[in-house]
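If you want the building blocks of each chain, they are given just below.
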Amino acid sequence: MMDVSVSGTVLDQAGDPIPGVTISVAGAGIGTATDLDGKYTISVPEGSTLVFSFIGFESQRILVGDQSIINVTLNEDISSLDEVVVVGYSARRQSELSSSVAIVGEKDLKNGVISNNLGTMLQGKVAGLTVSNTEGRPGSATNIVIRGVGSIGAGYGPLYVVDGVIGGSANPMDIASITVLKDAAATGLYGSRAANGVIIITTKKGKSGETKVSYSGSAGISQFRNGNLEMMNSAELYDRQEQGFRNFYDAQVSAGVPVYTNQTFDQYLGNVLPSSLLASDTDWQSLLTRTGHVNQHQLSVSGGSEKTTFYISGNYYNELGTVLGTEYQNMDLRANLKHQISDRVTLQTRINAGANRAPNEPLEGQEGTMTQLYNNLPWDPAFEADGTTPYNPLEAGNTWIGNAKSNYFYNKDHQSDITKNMRFGIDLQLDVDITDWMRFSTTNRVGLAGTDWTQLLDKDHQLASFENGRVSQTYTYDQSFLTSNLLNLEHRIGDHSFAGILGQEYNYLTSSFTGAVGMDLAGDLSALSAAGSPKSVAGNSTETGFSSYFGQVDYNYQGKYFLVSSVRRDASSRFGANNRWATFYSVGASWNVNRENFLKDATWIDLLKIRTSYGTTGNANIAPYLSLGTYSFTSNSTYNGLSGARPARRENPDLTWEMAYTTNLGLEFSMFNRINIEVDYYNRVNKNLLQNVPLSASSGFASQQRNVGSVRNRGLDVSITTVNLDGAIRWETNFNVNINKNKVLALNQGEDIASGQMRIREGLPMRYFYMKEWAGADPQTGDPLWVRWEDAEGNLIHGADKTEPATISTTNTYNAASNLFVSSAYPDFTGGIRNDLFYKNFSLSVLANYAVGQSIYFSHRERIDSDNNSTNQNQMKLQGDWVRWENPGDIATHPRLLSGGSASNGTSSRYLEDASYFRIQNVRLDYAFPEKVYKFSGLRIYLSMDNLAVFTKFSGGDPDVNMENPVIAQSANSARFSPTRKILLGVSFDL
């Protein structure tokens, strides 16, 4: 009997190729599997029957006969929970994985907050993926952390991989799926830069067949949210300050101070707080906020022939912020093309281009717009008496009581501050099927990015009046090149399946910066040539290179037992000459217990899987040249008018990779086709931390970059998906939670690291607040109290002294109180929950996220909740459970009002708040038209509401701050711009 060669493609019902489908000959030990494009080739005896099987789809049996090409479309098996996952330069069925991964499909990604920011759209959807610092400023970035931060001086953000290649970008509307890799077995092949986890983005592709034009868009309004924070009006502030001045006056009279005993209180009050102030009641919050709007639109064209497919899309996003002067515009263009040159050779081209534009806030500190919104006094006018001319606080003869002499309405006519970003990337990928079990792929990417910042402050602006106007311009230009070359091997021998990857990569990045500042402007011209005098010029350029070699082996026996192992060898120019190369490795194993014979009668078990992994990954997220001894060219180094240089950094030729050692143990359990539970325990220890270490003054340098220290993150990821109802009404729930415990294991010589209001110490979480501990108000006097530690001799000691106190007491003198380790900033646990209900053509989705146990230092309260110590700034109203001390015996949260002479508003745990919250992040109601409407197919309309409600005791606008820097101050960039409430209408359809 002769063998015949059969080839073809296996597709799903949507026409997408299915990689990893098993094709076997019935009754014989012959088999193969489809590649990433769903293609296969197999030699079989004449008269054979081919069996096509893939978990998640119904198996098919096809008699070969005289056919040489057999294309198959597999129907989805509704009862199965398996799906294909893109991981580490390959794709695997979820049941075959020995690693901890999470998948967010296109539908789940878009079903939630409508945004142009990927982090915001992922928040609350993946266990162990913590997204914080979501805010209302259009275009703002989020903070994304996978399973805790393990770095002190290096970057802690995840590695992004777009369409199989490290780096790149994609508009969320062009994303087909996202895979979050969390453990060493999953991140192993990206080991050199995967210590912080990996986010793999797969963009949409075209499908052969009829050309399809698709549109998706939404538009609506956004509303400013102030949370629990309410500011006082004119009368409320006057009454409060009057009481504070009365208490101060009475104290001075009791002390017999002549200047006070010689005048009545009314006389004194008339001088410091005249009643004429009540004639003005400027509502700065109403004036500086507005109803914003959001527009998001995508138009795509996709299709192709049997050999050539294409996907082309354009995206536009425009958001007008709810605070005046805030706006964001973004445009993206993507083209994904694929052409089958021959039966064995395929060429793919991916092009991604984009640009965005946003205004900035030129003023810092109290002068910034967001701070004016809270700090500016209701007694200071925004406009002149005519109601239209902006009031100039700095003009001679004008009265302005507030500490920050800044009025947005005046400033905006004298300033312009714009940042523009542009980006372009192109991938060329060539795939060659050398044999039916060996495939070579080479992908080459070129990326370009540029930033243009221009700031114009005319001669009447408060920052540039002494310079007769100022113009500043900077240009940043980045280039990158990456080549990734892979040899994929797959072979099956009976019940044994083998797969392997051999790879080589090279990545080159360069960045250049040029900036200049000019003064003495001619009118309102913004070109540097319009400046009459130069002020400064600056520029630099950097280069970085990475070189990598790696390999991976996968083994599968009967779909029950799986092993995976990888090794990667990397070098980076960022490290010292003695230690540029490092080796990373991982190993993982899993067991599909439900496929064992002893469970064959347990038909209610859909999946029971145990997996474990261990491995190492690296972190190179530091600036270039930190290992080198460098020189600085500055104005301080010039000599006799000539350029000069001085030593700026001490070399460290031994600087090397930061290493993470990760262990993971996971369990997956699915039953009754309705309940899916996934639990992962992990332990990650980061060693050889990259950080600046202080040097002695005798060295001539302040610090040196070294590898020193260790941090551990240990925790639990839990994800539960259930089908609660499955009849006329279908109700699905997805719940996830992450419990992470962070601990600093070692520091340089055991010495603490001071970090603002926090301090890093061995044995504590990395973000731990260190300040004076608030002890409340003295019930008898109303004085503020703080905790004081003393040693056996009665001397003041602090937490940093590492000495146990002999006596713990309280004091009403701020400087006599101890600085202590007060509280961890990190939450006890975070997560999300989503409920989806379906009835006929309607669907309702409710997405919520939460954080419990986190702390925020609300530094801004030092000014706006100051017990009248800051009389030139507006004050917040007392919260519902806050009490002000008034009479002896009062048990109060706030000390007595005293205008001057008190330090009650000094930095202390008084302003350290429990920022636990539960947020209804998105509610969305959809209606899908069952039939074609006119020329529109797949027509769907929806109503979406973002940030519907937040349940929290936090006194500020919103508690979802950056968990790695949970301090809300009064500067322009840290005053909290709460996430806005959005109400949008959307529509999508195909033509």
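Rules used in this analysis
Residues numbered from 1 in each chain as written. Predicted model: local features only at pLDDT ≥ 70, side-chain atom pairs only at ≥ 80, totals over all residues. Heavy atoms only, no water. UniProt positions renumbered as here; feature names shortened; annotations may be inferred. Helix = DSSP H or I, 4+ residues; strand = E, 2+ residues; numbered from the N terminus. Rg over C-alpha atoms; globule rule 2.2 N^0.38 Å. Contact = heavy atoms within 4.5 Å. Areas by Shrake-Rupley, 256 points an atom, 1.4 Å probe, with all protein chains shown as cover. Phe/Tyr/Trp six-rings, centres within 6.5 Å; stacked < 30°, edge-to-face > 60°. Buried < 20%, exposed > 50% of the residue type's maximum accessible area, 1.4 Å probe, protein only. Lys NZ or Arg CZ within 6 Å of the ring centre and 35° of its normal. 1 Å grid on protein atoms, 1.4 Å probe; cavity = no way out; pocket = protein on both sides within 12 Å on 5 of 7 lines; lining within 4 Å. Points joined across faces, edges and corners; volume = space filled by probe spheres on them. Nonpolar A, V, L, I, M, F, W, Y, C, P; charged D, E, K, R; others polar. Arc of directions from axis to C-beta. Polar contact = N/O pair within 3.5 Å; in protein donor to acceptor, adjacent residues only side chain to side chain. Pairing = 2+ DSSP bridges. Axes fitted to C-alpha atoms, helices over the stretch in contact; angles between N-to-C directions. Parallel < 35°, antiparallel > 145°, perpendicular 65-115°, else oblique. Left-handed = near helix turned anticlockwise from the far one by under 90°. pLDDT = per-residue confidence, 0-100. Expected span 1.5 Å × (residues − 1). Domains from an automatic or database assignment. Buried area = accessible area lost by both parts, 1.4 Å probe. Core = buried A, V, L, I, M, F, W, Y, C linked by side-chain atoms within 4.5 Å.

An unreviewed UniProt entry lists the protein under the name SusC/RagA family TonB-linked outer membrane protein, with Cyclobacterium qasimii given as the organism. Per UniProt, the protein has the following entry under Sequence similarities (unreviewed entry): "Belongs to the TonB-dependent receptor family."

**Student:** Sorry, what's going on with the overall build of the protein here?
**Tutor:** The helix and strand inventory of the protein stands at 10 helices and 52 strands. The C-alpha atoms of the protein give a radius of gyration of 32 Å, which matches the 30 Å a tight globule of 991 residues would have. With respect to the principal axes defined by its C-alpha atoms, the protein has extents near 120 × 70 × 70 Å. Sequence-distant contacts, at least 24 apart, represent 68% of the contacts inside the protein between residues at least 6 apart. Put simply, the protein shows about 42,000 Å² of open surface, and 54% of that area lies on carbon and sulfur atoms.

**Student:** Quick question: what am I supposed to make of the UniProt feature "domain: TonB-dependent receptor plug" (unreviewed entry) in the protein here?
**Tutor:** Residues annotated by UniProt as "domain: TonB-dependent receptor plug" (unreviewed entry) correspond here to residues 94-198. Annotated as residues 94-198, this span is 13% helix and 26% strand, and its ends, taken at the C-alpha atoms, are 17 Å apart.

**Student:** Help me understand the packing of aromatic side chains, please; the structure alone is not making it clear to me.
**Tutor:** The way to describe two aromatic rings as a pair is by their centre distance and the angle between their planes. In total, this model carries 38 aromatic pairs according to the counting rule given. Considering the side-chain rings of Tyr215 and Phe989, the 5.5 Å spacing of their centres and the 40 degrees angle between planes classify their relative orientation as tilted. Taken as a pair, Tyr215 in strand β17 (residues 209-223) and Phe989 in strand β52 (residues 981-990) lie far apart in primary sequence, 774 residues in all. Relative accessible area serves as the criterion here: at 22%, Tyr215 is assigned to the partly exposed category. The class of Phe989 is buried, set by a relative accessible area of 17%. Each ring, one from Tyr934 and one from Phe936, has its centre 6.3 Å from the other, and the planes form 65 degrees; the classification is edge-to-face. According to the relative accessible area criterion, Tyr934 is exposed, its value standing at 67%. The class for Phe936 is partly exposed, based on a relative accessible area of 26%. A network of ring pairs unites the aromatic residues Phe245, Phe248, Tyr249, Tyr260, Phe265 and Tyr268 as a single cluster. The ring of Phe546 has Arg193 sitting right over it, with the charged end atom 4.0 Å from the ring centre. The ring of Tyr661 carries the charged tip of Lys687 above its face, separated from the ring centre by 5.0 Å.

**Student:** Just to check I follow, could you spell out empty space enclosed by the protein for this structure?
**Tutor:** Space left empty within the atom packing is revealed by a probe, the size of a water molecule, rolled over the atoms. In total, this model carries six cavities of 30 Å³ or more according to the counting rule given. What the largest cavity holds in volume is close to 190 Å³. Lining the largest cavity are 18 residues, with Thr130, Gly148, Asn740, Tyr826 and Pro827 positioned closest to its centre. Mapped onto the lining of the largest cavity, the elements with two or more residues apiece are β11 (129-132), β12 (143-146), β37 (729-746) and β46 (829-839). Considering each element in turn, the lining of the largest cavity owes the most residues, three residues, to β37. Among the residues forming the lining of the largest cavity, the class breakdown is six nonpolar, nine polar and three charged. Considering only enclosed or pocket space, the second largest cavity measures out at about 140 Å³ in volume. In this structure, the second largest cavity is lined by 14 residues; those nearest its centre are Val87, Leu97, Ala185, Gln552 and Val564. Looking at the lining of the second largest cavity residue by residue, the class counts come to six nonpolar, five polar and three charged.

**Student:** Explain helix α6 (residues 265-272) to me, please; I cannot follow it from the model alone.
**Tutor:** Each full turn of the α-helix corresponds to 3.6 residues, which orients residues three or four apart in the same direction. Every buried residue of α6 is accounted for by Phe265, Tyr268 and Leu269. Take α6 and look down its axis: the buried residues cluster within an arc of 95 degrees, on one side only. Among the exposed residues of α6, those pointing more than 90 degrees away from its buried face are Asp266 and Asn271. Each element contacted by the buried residues of α6 is listed here: α4 (234-254) and α5 (258-261).

**Student:** Just to check I follow, could you spell out the environment of Arg924 for this structure?
**Tutor:** Following the sequence through the fold, Arg924 ends up in strand β50 (residues 917-928). Setting aside residues no more than four positions away along its own chain, Arg924 makes contact with Lys110, Asn111, Ser843, Leu844, Ser845, Tyr942, Leu943 and Ser944. A distance of 2.8 Å separates polar atoms of two side chains, one belonging to Arg924 and the other to Asp926.

**Student:** Can you walk me through the sheet that holds strand β4 (residues 39-45) in this structure?
**Tutor:** Hydrogen bonds along the backbone pair up the strands of a sheet, which may run parallel or antiparallel. Strand order in the open sheet made by the three strands is β4-β1-β7, with mixed pairing throughout. Each edge of the open sheet is held by one strand with a lone partner, namely β4 and β7 (72-73). Strand direction decides the pairing type here: strand β1 (residues 3-11) and β4, joined by seven bridges, are antiparallel. Its bridge partner lying in β4, Gly8 is registered against Tyr40.

**Student:** Can you help me understand the packing of α4 against α6 in this one?
**Tutor:** Closest axis-to-axis distance for the α4/α6 pair is 11 Å, and the angle between their directions is 125 degrees. Judged by the inter-axis angle, α4 sits oblique to α6. The handedness of the crossing between α4 and α6 comes out as right-handed. Every residue of α6 that contacts α4 at Tyr238, Glu242, Phe245, Arg246, Phe248 and Tyr249 is listed here: Phe265, Tyr268, Leu269 and Val272.

**Student:** What am I meant to see in the confidence of the model for the protein here?
**Tutor:** Detailed reading of predicted coordinates is not advised where the pLDDT is low. Residues at a pLDDT of 70 or more form 97% of the protein, whose mean pLDDT is 91. For the protein, per-element mean pLDDT is lowest for strand β8 (residues 84-87), which scores 76, and highest for strand β42 (residues 784-790), which scores 97.

**Student:** Would you explain α4 in this entry?
**Tutor:** Under the 1.5 Å per step criterion, the end-to-end length of α4 is 30 Å for 21 residues, consistent within 8% with the ideal 30 Å. Within α4, burial applies to Ser234, Leu237, Tyr238, Arg240, Gln241, Gly244, Phe245, Asn247, Phe248 and Tyr249. In this fold, the buried residues of α4 make contact with α5 and α6. For α4, the capping residue at the N-terminal end is Asn233, with a side-chain oxygen 3.2 Å from the backbone nitrogen of Ala235. Phi turns positive, to about 75 degrees, at Gly256, one or two residues after α4.

**Student:** What am I meant to see in the domain arrangement of the protein here?
**Tutor:** By a widespread convention, an interface's size corresponds to the accessible area lost as its parts come together. Each assigned domain of the protein is listed here: domain 1 (3-73), domain 2 (84-205), domain 3 (234-280) and domain 4 (282-336 + 369-405). A separation of 33 Å is found between the C-alpha centroids of domain 1 and domain 2. Taken residue by residue, the interface counts six residues in domain 1 and five residues in domain 2. Carbon and sulfur atoms supply 71% of the area that domain 1 and domain 2 bury against each other, a total of about 450 Å² over both sides.

**Student:** Would you mind going over the nonpolar core with me for this structure?
**Tutor:** In terms of nonpolar packing, the biggest core is built from 25 residues, with Leu229, Tyr374 and Phe409 touching the most fellow members. Every element with two or more residues in this core is listed here: α7 (284-288), α8 (369-375) and α9 (408-411). Considering each element in turn, this core owes the most residues, three residues, to α8. In this structure Phe409 touches Trp284, Leu287, Leu288, Leu324, Ala382, Phe383 and Pro390, once residues within four positions along its chain are discounted. Within the second largest apolar cluster, 20 residues are counted, among which are Leu97, Ile166, Leu181 and Tyr190.

**Student:** Would you explain the pairing of β50 in this entry?
**Tutor:** Consecutive side chains of a regular strand alternate in pointing toward one face of the sheet and then the other. Here strand β47 (residues 842-852) runs beside β50; their pairing, made up of 10 bridges, is antiparallel. Opposite Ala848, over in β50, you have Ile920 as the bridge partner. Across 11 bridges, β50 lies against strand β51 (residues 937-952) in antiparallel orientation. Of the residues in β51, the one forming a bridge with Arg919 is Val950.

**Student:** Help me out: how do you make sense of unusual backbone geometry in this one?
**Tutor:** Keep in mind that most residues, glycine aside, have a negative phi and that most peptide bonds are trans. Here the phi dihedral of Asp520 falls at roughly 55 degrees; this positive angle occurs in a residue that is not glycine. Looking at the element boundaries, Asp520 is found in strand β25 (residues 496-521).

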